[in-house]
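Coordinate analysis (summary)
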Amino acid sequence: MDAGSRHLARSLSAYLACLAFAVTFLATNVLGGGLGAGLQRGVVAAAATLLVARLLLGAVIDVVLSAMARDRAQNTAPEATSDSKVGGRA
């Protein structure tokens, strides 16, 4: 995992943790829980999301980026061979 993938994984996991906190806090308050209960549940949800995201997102991002690189290499390879064939005929 290079530095760019690591940074992307950290940023995305922090974003997901913030989203988990906000949704949990607002849902607790809307459903009649107190502010303290909403805060406590939000922190627990954010911590759990941050832990799971840090563990899983690094591998997922690496797989996605390598698949994108492989597709790009496959898509550019036929173009290079077809350009050389056209140039050889003329």
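Above this note sits the structure.
Residues numbered from 1 in each chain as written. Predicted model: local features only at pLDDT ≥ 70, side-chain atom pairs only at ≥ 80, totals over all residues. Heavy atoms only, no water.

Now for the overall build of the chain. Assigned secondary structure in the chain consists of two helices and zero strands. Across the 90 residues that make up the chain, the buried fraction comes to 16%. Once local pairs closer than 6 in sequence are excluded, the contacts in the chain between residues at least 24 apart make up 64%. (Helix = DSSP H or I, 4+ residues; strand = E, 2+ residues; numbered from the N terminus. Buried < 20%, exposed > 50% of the residue type's maximum accessible area, 1.4 Å probe, protein only. Contact = heavy atoms within 4.5 Å.)

Right, let's get into the packing of aromatic side chains. All told, the structure shown has one aromatic pair when counted by the stated rule. Ring plane angle 10° and centroid distance 5.8 Å describe the contact between F21 and F25, whose orientation is recorded as stacked. Taken together, the residues span about one helical turn, with F21 and F25 both in helix α1 (residues 3-30) at a distance of four residues. (Phe/Tyr/Trp six-rings, centres within 6.5 Å; stacked < 30°, edge-to-face > 60°.)

The next thing to look at is α1. Between its terminal C-alpha atoms α1 stretches 40 Å, which fits the 40 Å expected from 28 residues at 1.5 Å a residue. Along α1, the residues classified as buried are S5, A9, S13, A17, A20 and T28. One or two residues past the end of α1 sits G32, with phi positive at roughly 105°. (Expected span 1.5 Å × (residues − 1).)

Here we come to the environment of L55. Looking at the element boundaries, L55 is found in helix α2 (residues 35-89). Separated by 42 residues in the primary sequence, L55 and S13 have C-alpha atoms spaced 9.5 Å apart.

Before going further, it helps to spend a moment on the side chain of S5. Following the sequence through the fold, S5 ends up in helix α1. Its relative accessible area of 4% is what places S5 among the buried residues. Apart from the residues within four sequence positions on either side, S5 is in contact with I61, D62 and L65.

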